[in-house]
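What follows is each chain in one-letter form.
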Amino acid sequence: ELFLRALNGLLTHYVAMRDSENGIPIAIRLLTLDRLREGVHRALMQFYLQQGRRGAALKQYEGCRSILRDELNVEPEIEPEALWNSPREVVHPLG
């Protein structure tokens, strides 16, 4: 639990700093530990968009949607259009 909190704190920092280079590996690591963390999926989508990797962001969204449907029978809270239409805005994905 402490390890997850530490990683989440790092991710929050990288989101705020718009540091996709360091944030992507942290987000991926968090998702390997708990793939149901929708906020981490959103952070990863945001990082991919910052790098101009729209296809990777869409693939991440589709994976997130599939996981949430299969495991929890719910849809993601954020629609991908919210990220696509404002990629320059910092969306706080973890809060």
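Residues numbered from 1 in each chain as written. Predicted model: local features only at pLDDT ≥ 70, side-chain atom pairs only at ≥ 80, totals over all residues. Heavy atoms only, no water.

A. Inspection of helix α4 (residues 54-72) at higher detail. Over its 19 residues, α4 runs 26 Å from end to end, which matches the ideal 27 Å to within 8%, given 1.5 Å per residue. Restricting attention to buried positions, one finds in α4 the residues A57, Q60, Y61, C64, I67 and L68. For α4, the angular spread of the buried residues around the axis is 130 degrees, confining them to a single face. Of the exposed residues in α4, those oriented more than 90 degrees away from the buried face are G55, K59 and D70. Just beyond α4, the residue with positive phi is N73, at close to 60 degrees. (Helix = DSSP H or I, 4+ residues; strand = E, 2+ residues; numbered from the N terminus. Expected span 1.5 Å × (residues − 1). Buried < 20%, exposed > 50% of the residue type's maximum accessible area, 1.4 Å probe, protein only. Arc of directions from axis to C-beta.)

B. Representation of a nonpolar patch on the surface. A cluster of nonpolar side chains, L36, L72 and V74, forms an exposed patch at the surface whose accessible area comes to about 220 Å². When you line up the elements, L72 lands in helix α4. Taking the relative accessible area as the measure of exposure, L72 reaches 45% and is therefore partly exposed. (Patch = residues over 30% accessible without salt bridge, like charges linked within 9 Å, V, L, I, M, F, W, Y side chains within 5 Å. Areas by Shrake-Rupley, 256 points an atom, 1.4 Å probe, with all protein chains shown as cover. Salt bridge = Lys/Arg side-chain N within 4 Å of Asp/Glu carboxyl O.)

C. Geometry of the environment of P76. Mapped onto the elements, P76 comes out in the loop between α4 and α5 (80-84). When the C-alpha positions of P76 and C64 are compared, they lie 7.3 Å apart, and in sequence the two are twelve residues distant. The contact partners of P76, leaving out residues within four places of it in the chain, are E38, Y61, C64, R65 and L68. (Contact = heavy atoms within 4.5 Å.)

D. Local environment of unusual backbone geometry. If you check the backbone angles, R18 has positive phi at about 55 degrees while not being a glycine. Position of R18 relative to the elements: it lies in the loop between α1 (2-17) and α2 (20-33). Positive phi values are uncommon outside glycine, yet N73 reaches one of about 60 degrees. Inspection of the secondary structure puts N73 in the loop between α4 and α5.

It is worth stressing that arrangement in space is one thing and function is another; only the former is reported here.
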